[in-house]
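Spelled out from the first residue to the last, the chains are:
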Amino acid sequence: MDWYVVPGAFALLLAVSGIATLRTGWVPPWLRRKVRKVALYGWAQVVMAGSFALQSAGGFAGEPAAGSALGLIAVLTLLAALVLLLVSRLAPRGE
């Protein structure tokens, strides 16, 4: 199995979950008491899915420098998504 399959699967799973959260407000049952800003939580999942997609795309880059640049951008995007997740839990309840 190639190494880019796992981040690609995570990207697909997070994208579906994030879009479901944005469209319907659905949050997994184990997180319902913790998430205070549902829309922000959905956007965080979509950004995280993009990060994993970038990481997976780094495997298809022709040159090592391009793969490394995509990996660095993926890490920075993942950190931004984690900040969004944290804010979605700490913000006051409501939209």
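Basis of the calculations
Residues numbered from 1 in each chain as written. Predicted model: local features only at pLDDT ≥ 70, side-chain atom pairs only at ≥ 80, totals over all residues. Heavy atoms only, no water. Helix = DSSP H or I, 4+ residues; strand = E, 2+ residues; numbered from the N terminus. Buried < 20%, exposed > 50% of the residue type's maximum accessible area, 1.4 Å probe, protein only. Contact = heavy atoms within 4.5 Å. Areas by Shrake-Rupley, 256 points an atom, 1.4 Å probe, with all protein chains shown as cover. pLDDT = per-residue confidence, 0-100. Core = buried A, V, L, I, M, F, W, Y, C linked by side-chain atoms within 4.5 Å.

Colleague: Even after reading the chapter, I still don't get the overall build of the protein, so can you show me in this structure?
Modeller: The helix and strand inventory of the protein stands at 3 helices and 0 strands. When the helices and strands of the protein are placed in sequence order, the string is α-α-α. A principal-axis box enclosing the C-alpha atoms of the protein has dimensions of 45 × 25 × 20 Å. The 95 residues of the protein split such that 27% are buried. Long-range contacts, defined as pairs at least 24 residues apart, comprise 70% of the intrachain contacts of the protein with a sequence gap of at least 6. Total accessible area on the protein stands at roughly 6100 Å², and carbon and sulfur atoms take up 72% of it.

Colleague: What is the right way to read the confidence of the model for the protein from this model?
Modeller: In low-pLDDT segments, the atomic positions of the prediction should not be examined closely. Summarising the model, the protein shows a mean pLDDT of 88, and 94% of its residues fall at 70 or more. Highest mean pLDDT in the protein belongs to helix α2 (residues 38–57) (93); lowest belongs to helix α3 (residues 64–90) (90).

Colleague: What exactly am I supposed to notice about the environment of methionine 48 here?
Modeller: Tracing the backbone shows methionine 48 in helix α2. Note on methionine 48: relative accessible area 11%, which makes it buried. For the pair methionine 48 and leucine 12, spaced 36 residues apart in sequence, the C-alpha to C-alpha distance is 10 Å. Setting aside anything within four residues of it in sequence, one finds methionine 48 in contact with Leu14, Leu78, Ala81, Leu82 and Leu85.

Colleague: How do you make sense of the nonpolar core when you look at a structure like this?
Modeller: If you look at soluble globular proteins, the nonpolar side chains tend to sit buried side by side. Residues Ala11, Leu14, Val27, Leu31, Val35, Tyr41, Ala44, Met48, Ala49, Phe52, Ala81 and Leu85 constitute the largest nonpolar core, which totals 12 residues. Contributing elements (two or more residues each) for this core: α1 (5–24), α2 and α3. Residue contributions to this core peak at 5 residues, all from α2. What alanine 11 contacts, discounting residues up to four positions off in sequence, is Ala49, Phe52 and Ala53.

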